[in-house]
Structures are given as C-alpha cells and as structure tokens.
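Tertiary structure, described
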Amino acid sequence: MSLAPLLEAGPAVQIHASTAIAAFLIGALVLWRDKGTKLHKALGRSWVVLMLVVATSALFINDIRMIGPFSPIHLFVITTYVGIAQGMWAIIVNRDVVAHRAAMRGTYVGGLLLAGAFTFLPGRRMHAVLFGADAGWTPSLIVIGVALATTGYLWLRGRPRAAPMLRLKR
C-alpha cells in the first residue's frame, strides 16, 4: 500500500478521495446507529455535505473520457445528487422517515460502495494505492466481489418487507 499515487494526483482527485473515505466512514455510523438523535442529525448533515463534495469533485476528474470529458461512472454524480435531494425532501418536507432512510441508504450503497468498487480496477488510482500498480486483477476482483456482495446484501436488507398474508378464519 502506498499513498504516492494520491499525493501525486491533482487537487480534484485528492479532495474526491479524502471526502469519499470520510463519507464512507461517517455514513456507516449514521446509517447503522440510533436514528433521530442529535448525533445522528449532526453526522447526517456532515455526511450530506461530504457526499455533495464527493459528487461535485468527481465532475473534475476526467481521466477516462468517453462522452466529452465524462465517462459512464459520472452517472453516479447524478444519482448522488438525486438521492440526496430525495432523502432531504422526504425528511424535511414530508417527515417521511421510511423514504428518507431508503434514499440515504441507496445513496450510500450506490454512490460509495458500488461506485467505489470501480476505483479498484487495474489501471485506476485506488488500485495502485491499495495493491500497487503491478498487482494485476486478482486483488481487484476480490475487493470488487466483496463490494458487490455487500451492495447486494444491503439492497436486499433495505427493501420494504411484504406484508404477511391474511389468514381467513373458517
């Protein structure tokens, strides 16, 4: 492991990586601890700001150019903005805790876990940071597999549960 690839990168990459790591850690605390407390609200606000910085800084990272200066991974920027807006609208305007929770978990899972998994592909900066530039595909596939499995588990766990079937009395 070496931080050299990050330290040699431009400011957009450094801001993006550092805020993504902070959002990953703080988001885990916010999403899986007690809800509605002062700590939840304070950390939640911090997480929202971090996620907006993560998404916005991603717009300035254009190493892979497929559609003008952008690539398909930039779609996560849009989904992050939409998810944050939906989550904030749900809790502030509608007082809908269920919709708020779903939007924020979806943003965490999609914007951090799923998008983050792609950063560990060979040739990408975080692959070089974590494994070294010459590590090949094996460690990447393990990390990506774990990230995708975790994403799937959290998605399944976060889905609304079906109401139990009503039994008719005879």
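We now turn to the structure provided with this report. Every value quoted in this text rests on a predicted model; they were computed, and no experiment measured them.

Some thoughts on helix α2 (residues 11-31)
In this model α2 runs 29 Å from its N-terminal to its C-terminal C-alpha over 21 residues, within 8% of the 30 Å that 1.5 Å per residue would give. Considered for burial, the residues of α2 that qualify are Val13, Ala17, Thr19, Ala20, Ala23, Gly27, Val30 and Leu31. Residues of α2 that are buried in the fold lie against α1 (4-7), α3 (38-58), α5 (97-118) and α6 (125-131).

A short note on the side chain of Thr19
Mapped onto the secondary structure, Thr19 falls in helix α2. Within the structure, the side chain of Thr19 is placed 2.7 Å from the backbone oxygen of Ile15, a separation counted as a polar contact. Beyond its immediate chain neighbours, meaning those up to four positions away, Thr19 contacts Leu50, Val53 and Val54.

Thoughts on the packing of aromatic side chains
With the rule as written, the count across this model stands at five aromatic pairs. Measuring from centroid to centroid gives 5.5 Å for Trp32 and Tyr108, while their planes differ by 75 degrees, and the two rings are edge-to-face. Of this pair, Trp32 sits in the loop between α2 and α3 while Tyr108 is found in helix α5, placing the two residues 76 residues apart along the sequence. Judged by relative accessible area, Trp32 falls into the partly exposed class, the value being 31%.

Points about the packing of helix α4 (residues 75-92) against α5
The geometry of α4 relative to α5 is characterised by a closest axis approach of 7 Å and an angle of 160 degrees between their N-to-C directions. In this view, α4 runs roughly antiparallel relative to α5, as classed from their interaxial angle. As for how α4 packs across α5, the hand of that crossing is left-handed. Mapping the contact onto sequence places Phe76, Thr80, Gly83, Ile84, Gln86, Gly87, Met88, Ala90 and Ile91 in α4 and Val97, Ala99, His100, Ala103, Met104, Thr107, Gly110, Gly111, Leu114, Ala115 and Phe118 in α5. Along the lines of polarity and charge, the residues of the contact of α4 with α5 split into twelve nonpolar, eight polar and no charged.

Regarding the packing of α2 against α3
When two helices pack together, their arrangement is captured by the angle between the axes and the distance separating the axes. Direction vectors running N to C along α2 and α3 enclose 150 degrees, while the axes themselves pass 8 Å from each other. Taken together, the axis directions place α2 and α3 in an arrangement best described as roughly antiparallel. For the pair α2 and α3, the crossing hand works out as left-handed. Of the residues in α3, those in contact with Ala12, Ile15, His16, Thr19, Ala20, Ala22, Ala23, Ile26, Gly27, Leu29 and Val30 of α2 are His40, Leu43, Gly44, Trp47, Leu50, Met51, Val53, Val54, Ser57 and Ala58. Split by residue class, the contact of α2 with α3 holds 15 nonpolar, six polar and no charged.

Thresholds, definitions, all that
- Per chain, residues are indexed from 1 in the order of the written sequence.
- Only residues with pLDDT of at least 70 get local features here, since the model is predicted, and only at 80 or more are side-chain atom pairs given and counted; chain-wide, interface and lining totals rely on the full set of residues.
- Computation of side-chain values covers all heavy atoms of the structure but excludes hydrogens and water.
- Runs of H or I in DSSP of at least four residues are treated as helices and runs of E of at least two as strands, each being numbered from the N terminus.
- Here the expected length of a helix is defined as 1.5 Å per residue gap, with one fewer gap than residues.
- The cut-offs for exposure are 20% and 50% of the maximum accessible area for each residue type, with area from a 1.4 Å probe on protein chains only; residues under the lower value are buried, those over the upper are exposed, and the others partly exposed.
- We call two residues in contact when some of their heavy atoms are within 4.5 Å.
- What qualifies as a polar contact is a pair of N or O atoms within 3.5 Å, subject to a donor-acceptor requirement within protein and to the restriction that residues adjacent in sequence count only when both atoms come from side chains.
- Aromatic pairs are defined between Phe, Tyr and Trp rings, using the six-membered ring for Trp, whenever the two ring centres lie within 6.5 Å; interplanar angles under 30 degrees are classed as stacked, those over 60 as edge-to-face, and all others as tilted.
- With axes taken as lines fitted to C-alpha atoms, and helix axes fitted only over the stretch in contact, angles between N-to-C directions fall between 0 and 180 degrees.
- Throughout this description, any angle smaller than 35 degrees is read as roughly parallel, any larger than 145 degrees as roughly antiparallel, any in the 65 to 115 degree range as roughly perpendicular, and the remainder as oblique.
- By definition, turning the near helix anticlockwise from the far helix through less than a right angle yields a left-handed crossing, and turning it clockwise yields a right-handed one.
- Here the term charged refers only to Asp, Glu, Lys and Arg, the term nonpolar to Ala, Val, Leu, Ile, Met, Phe, Trp, Tyr, Cys and Pro, and the term polar to all other amino acids, Gly among them.

Nothing here speaks to function; it is geometry throughout.
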